[in-house]
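A structural walkthrough
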Amino acid sequence: MNEQQIAALLIRIQEGDERAFQALFEATRAHTYSMIYFLVGSERDVDDILSEVYIALFRSLDSYNVERPFLPWFNGLIIRQARGWKRRLWRSFRILERMKSVQPTDYSFIDSGLDEVSYREEILPHVNGLSHQLREVIVLRYFQDYSLETIAEILNIPVGTVKSRNHAALKKLRVRLEGKSGEKEMSSYVH
């Protein structure tokens, strides 16, 4: 679906056309699913985040400028929803850890789903091992084929920061893929 077709759908959605929203959903669902999966690396969370993305899309349509390309704006929305999901998961984890320390109970049922995810691609486990900031740049650059400038715009950071994150991520991936476990541990500092 091209930008003009998407713009027409967005106008119809703003006018209350539910079929237009369904058409936009169908046109972007596969892209959204794969983007979320690459960002969070957990198939069991993707559907929940996917729902949140489309709710956020509907709520923020008024702020979308039809003069600008839709997909970079939409990818920014996806990234923000994935970040929010991770923050909520981290908070839940911290609360759970506090509860464990206060009252010992069997919480093993919560962790049982963590081992269920299996990755079919060779590189994906290595990408998922990167920090969230580095992973965002790698997913946008190499899985979505965005330019460094577009990534900077989506993430709302300077192009130089995108370049340094891209370089750091590629360096870490190269070491992991070459299996150089004997090398000195790289710095985890991210700009």
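Residues numbered from 1 in each chain as written. Predicted model: local features only at pLDDT ≥ 70, side-chain atom pairs only at ≥ 80, totals over all residues. Heavy atoms only, no water.

**A closer look at the packing of aromatic side chains**
- Applying the stated rule across the entire model yields nine aromatic pairs.
- Ring geometry for Phe-25 against Tyr-54: centres 4.8 Å apart, planes inclined by 70 degrees, an arrangement best described as edge-to-face. Here Phe-25, found in helix 2 (residues 18-40), pairs with Tyr-54, found in helix 3 (residues 43-60); they are 29 residues apart in sequence, far enough to count as distant.
- Take Tyr-54: its relative accessible area is 6%, and that puts it in the buried class.
- A ring pair is formed by Tyr-54 and Phe-74, whose centres lie 5.8 Å apart and whose planes are at 50 degrees; its orientation type is tilted. One end of the pair, Tyr-54, is in helix 3; the other, Phe-74, is in helix 4 (residues 70-102), and 20 residues separate them in sequence.
- Ring pairing ties together the aromatic residues Phe-21, Phe-25, Tyr-54, Phe-58, Tyr-64, Phe-70, Trp-73 and Phe-74, which thus form one cluster. (Phe/Tyr/Trp six-rings, centres within 6.5 Å; stacked < 30°, edge-to-face > 60°. Helix = DSSP H or I, 4+ residues; strand = E, 2+ residues; numbered from the N terminus. Buried < 20%, exposed > 50% of the residue type's maximum accessible area, 1.4 Å probe, protein only.)

**Describing helix 3**
- Here helix 3 contains 18 residues, and its C-alpha end-to-end distance of 26 Å stays within 8% of the 26 Å for a straight helix at 1.5 Å per residue.
- When we look at burial in helix 3, the residues that qualify are Asp-45, Val-46, Ile-49, Leu-50, Val-53, Tyr-54, Ala-56, Leu-57 and Ser-60. (Expected span 1.5 Å × (residues − 1).)

**Some remarks on the pattern of salt bridges**
- Following the criterion strictly, the structure yields five salt bridges and no others.
- Of the charged contacts, one joins Arg-68 and Glu-153 as a salt bridge, the two residues approaching to 2.1 Å between their closest N and O atoms. Of this pair, Arg-68 sits in the loop between helix 3 and helix 4 while Glu-153 sits in helix 8 (residues 148-155), and the two are 85 residues apart along the sequence.
- Here Glu-153 falls in the partly exposed class, since its relative accessible area comes to 47%. (Salt bridge = Lys/Arg side-chain N within 4 Å of Asp/Glu carboxyl O.)

Bear in mind that shape data such as this cannot, by itself, settle questions of function.
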